[in-house]
Amino acid sequence: QVQLVESGGGLVQPGGSLRLSCAASGSYISINVMGWYRQAPGKQRELAATITSGGSTNYADSVKGRFTISRDNAKKTVYLQMNSLKPEDTAVYYCYADGLKRSLYQFASWGQGTQVTVSS
């Protein structure tokens, strides 16, 4: 089982910044994709940003130029630096990871979620 633990959410004013972190632990051979999805009240969960083990990134159009995803493979941690935050960024942010377990089966894991609220 692969566990993901998020931190860094909170309340911030419009235009402010937050940095989310997510650390992976457990038994696995490798992690391929790590990333962040978000779910606003009454809406479906959507992609925010992902990053592969090789460093290739993918961003939702709504966050391009404002959010930056990065990854420390040695620390098994993914980060999301969020700048110029808008009220519409308010959501629960979920960490995601997939890869290969020691059993040689693929895994896909989700964190518990961390609340980000952008409000004056």
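Structure: see above.
Now for a look at the structure at hand. (Residues numbered from 1 in each chain as written. Predicted model: local features only at pLDDT ≥ 70, side-chain atom pairs only at ≥ 80, totals over all residues. Heavy atoms only, no water.)

**Notes on the state of the cysteines**
Applying the stated criterion to the full structure yields 1 disulfide. Note on cysteine connectivity: C22 is disulfide-linked to C95, with sulfurs 2.0 Å apart. Between C22 and C95, the S-S torsion sits near -85°, and that sign places the bridge as left-handed. Taken together, the residues C22 in strand 3 (residues 18-26) and C95 in strand 9 (residues 91-100) connect sequence positions 73 residues apart. With respect to burial, C22 and C95 carry one shared label: buried. (Disulfide = S-S within 2.5 Å. Helix = DSSP H or I, 4+ residues; strand = E, 2+ residues; numbered from the N terminus. Buried < 20%, exposed > 50% of the residue type's maximum accessible area, 1.4 Å probe, protein only.)

**A few points about the packing of aromatic side chains**
Inspection of every chain in the model, using the stated rule, returns 4 aromatic pairs. Within the aromatic cluster, the residues linked to one another by ring pairs are Y37, Y96 and W110. We note R45 situated over the ring of W110; from NZ or CZ to the ring centre the distance is 4.7 Å. (Phe/Tyr/Trp six-rings, centres within 6.5 Å; stacked < 30°, edge-to-face > 60°. Lys NZ or Arg CZ within 6 Å of the ring centre and 35° of its normal.)

**Some words on unusual backbone geometry**
Although it is not a glycine, S84 adopts a positive phi angle of roughly 50°. By secondary structure assignment, the location of S84 is in the loop between strand 8 (77-82) and strand 9. The phi angle at L104 is positive, at roughly 75°, despite the residue not being glycine.

**What about the pattern of salt bridges?**
Scanning all chains against the criterion turns up 4 salt bridges. One salt bridge connects E46 with R38, and the closest N-O pair in it is separated by 2.9 Å. Overall, the relative accessible area of 5% leaves R38 in the buried class. A salt bridge links D61 to K64; the shortest N-O distance between them is 3.2 Å. The exposed category is assigned to D61, whose relative accessible area is 65%. The structure contains a network of salt bridges with shared partners spanning R38, E46, R66 and D89. (Salt bridge = Lys/Arg side-chain N within 4 Å of Asp/Glu carboxyl O.)

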